[in-house]
Amino acid sequence: MELSLASIVRFVFLATNLKNNIVLVQPGDYDPGSPPANLSPSITHFLSASCQIVLDDVPAFWTALKDTIWHKENFRLYNTLPLFMQYGQKHVYNVFPLYPPQQTCFSLGCTNMKKLMRAEQHPAILFTLDCGPIATYSVHLKCDACHVGFHHHYSINYKVPAHDRKQTYYVHVPDVLHVGGHQYVDIAVVQMWRILNFVSWTSMSNCAHFYNVSLSKGAMLPPDFPFKFGLSGDHVWSRVVQLSLIKDLQLHGQVLEIKHGGDHRDRFPAPIHACNLHICLYSQEELCHYCTKYTVLHNDDNNGAPDQKFSVVVTDGVTVGHQCCGIHNCHEPLANNHDRFYPDHLLTHLCICAIVNCERSVTPSTRTCDDPTHQAIEKAYTQCSQAYFQLQEHLQHAYVAVPTNSDTSDPRKLCAKFGRNYTHNEQLIIAPCGMILARETFYGAEGVTSVVEMIKRVFCNESIKPSHVFYNNNCTLSYHVWNDPYFKSVGLSVNVFHFQCKHSIKDAWCQEHCNPAHFDELQDINGNWLFNSSIAEQTNVWFGGYHSICCEILVDRYVFFLDEMILKKNRLTKAKLHAEGRCPGNWPLVE
């Protein structure tokens, strides 16, 4: 037998990649924990051809190396793709076959300890980061005892009626995610998409386009392969959501369950809504955050551990916005993003004239009543949407206005609402270190009452209530809460920049109660500001970049996506604070 180092290395790396294929053809009483004594003829021929070993010498190679191959996982680092592309197709083998984690039943309560014998193989496409899209196959196994089917990263109980079946994901985070149908994506690609979303405000469709153009690496389909390479924005969205849900549930000791069957993008609304509800109830994970950049800690007991704090937060609104019901301040979600009203409001308001303050019924096939002036406004609106800009001059002569929010005090001007409504703003509460503590959607306006309610709701626990709140409109808010016991121990001032540039010195209340210079605790002994009161404006620059991505998606997706971006930003901010020696941590809640 002729030996060479190259042949041995190739043999070890290729055989390591073929372990699932080797196990699949073994008899039912075989123990997958130990390597089989012999290889199947097809695997023997493949290893002989790809490793340039004489066919009769393959069994000797296997006998000598099988224990090393079977019990070591570090041999997957070698790039075996070219060898599988050259020799694997003839023997129906691939470098990335998609098998379940193991080939024995691991369903809870099942007594079947034997190797699973019922297997189905389907062609698939795996989108990878290093090698581009790869034509491969997925193998599904089924246990005849408990009727549970095992896929690459989830299982299905086939005893349950078809319309009630669910995909139950495994506990660990998978290395590959199922896009839908025959498509799978390497988790490294999904991580890249999430980074693109976060760093450069890249939309889902542009993430897909980026992969198809830049990372496909000119991949060619094998002859007679039934599918084509290519990703869409829906594929990207589903995978980003899927990975986020898996990781979020893993933190809470739970696993993801989604509906089996139907369109892949329609399987996630229930877990998305549950995740949104959890954040709505418990707020962001960094709500109790403190660090030396955001909090001044005091040790009154002199025991080495801080027991009191002086903390500052900044709140501000930023326009992002999703579609909402045309009824002012209605929080009910739309059925789809083309509707103008919440379903229960359709019957009562869709038939009402679109001119504000007109309660007459619409004429057939229009959105206005039979008033000629109202019909002229709708006609002008329609023509403007078709780029007939030359009609603008005629409208001005007729004293007709069609902007979304026009002044109706002039009887010659009318305001109409033909299009969809959007939420007013996202209200953020931010620590001066850049940590986003809370986010809430304001539907009708950024009113001080709404801001007050948000602050009291978010900081309902006294142990985390801020000592001082910066807000651009604190001159109005402080007057509003003057007799509110909650705010007796909370300082309220306008941030330094806005106070200097946008607040009148003639406003006595503002100058007396909201001037940040009146609060000695905000400055050090040299008169320097201790906290960055402009952090909200700086954060809004980043957060506002998601407007074009989010403005056309429904509310649950909208909330989920923004909260995921906040979560990612907070984790990066925390890592940065650690690196700067700012000692970030979580302040304990005290009931």
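A brief structural summary. Source: prediction; values computed, not measured.

### Re the environment of Tyr546
- The topology assignment puts Tyr546 in the loop between helix 17 (535-543) and helix 18 (547-550).
- Sequence spacing of Tyr546 and Thr202 is 344 residues, and the spatial spacing of their C-alpha atoms is 8.6 Å.
- When residues no more than four places from it in sequence are discounted, the contact partners of Tyr546 are Asn197, Phe198, Trp201, Val320, Phe561, Leu562 and Met565.
- A distance of 3.3 Å separates a polar atom in the side chain of Tyr546 from a polar atom in the side chain of Trp542.

### Describing the sheet that holds strand 4 (residues 154-157)
- The eight strands are arranged 6-7-1-2-3-4-5-8 in an open sheet whose pairing can be described as mixed. Bordering the open sheet on either side are strand 6 (176-180) and strand 8 (257-259), each of which pairs with just one other strand. Neighbouring strand axes in the sheet, compared pairwise and without regard to direction, differ in orientation by 30 degrees on average.
- As defined by bridge partners, strand 5 (residues 166-169) adjoins strand 8 across three bridges and the pair is classed as antiparallel. Bridging across to strand 8, Gln167 finds its partner in Ile258.
- Strands in contact with helix 6 (residues 187-200) are strand 1 (118-127), strand 6 and strand 7 (183-186); relative to strand 7, the strand with the most contacts, it is inclined by about 70 degrees.

### Brief notes about a nonpolar patch on the surface
- Together, Leu277, Leu281 and Tyr282 give the surface a local cluster of nonpolar side chains, amounting to about 350 Å² of exposed area.
- Here Leu277 lies in helix 9 (residues 269-282).

### Re empty space enclosed by the protein
- Evaluation of the coordinates by the stated rule reveals two cavities of 30 Å³ or more.
- The volume enclosed by the largest cavity comes to roughly 50 Å³.
- Sorting the residues of the lining of the largest cavity by element identifies strand 9 (289-290) and strand 11 (308-318) as the ones contributing at least two each.
- In terms of residue class, the lining of the largest cavity is made up of six nonpolar, three polar and one charged.
- In this structure, the second largest cavity occupies an estimated 40 Å³ of space.
- Every residue along the wall of the second largest cavity is listed here: His322, Gln323, Cys324, Glu332, Pro333, Leu334, Tyr443, Leu554 and Val555.
- Residues that form the lining of the second largest cavity fall into these classes: six nonpolar, two polar and one charged.

Each value, and the rule that gives it
- Residues numbered from 1 in each chain as written.
- Predicted model: local features only at pLDDT ≥ 70, side-chain atom pairs only at ≥ 80, totals over all residues.
- Heavy atoms only, no water.
- Helix = DSSP H or I, 4+ residues; strand = E, 2+ residues; numbered from the N terminus.
- Contact = heavy atoms within 4.5 Å.
- Polar contact = N/O pair within 3.5 Å; in protein donor to acceptor, adjacent residues only side chain to side chain.
- Pairing = 2+ DSSP bridges.
- Axes fitted to C-alpha atoms, helices over the stretch in contact; angles between N-to-C directions.
- Patch = residues over 30% accessible without salt bridge, like charges linked within 9 Å, V, L, I, M, F, W, Y side chains within 5 Å.
- Areas by Shrake-Rupley, 256 points an atom, 1.4 Å probe, with all protein chains shown as cover.
- Salt bridge = Lys/Arg side-chain N within 4 Å of Asp/Glu carboxyl O.
- 1 Å grid on protein atoms, 1.4 Å probe; cavity = no way out; pocket = protein on both sides within 12 Å on 5 of 7 lines; lining within 4 Å.
- Points joined across faces, edges and corners; volume = space filled by probe spheres on them.
- Nonpolar A, V, L, I, M, F, W, Y, C, P; charged D, E, K, R; others polar.

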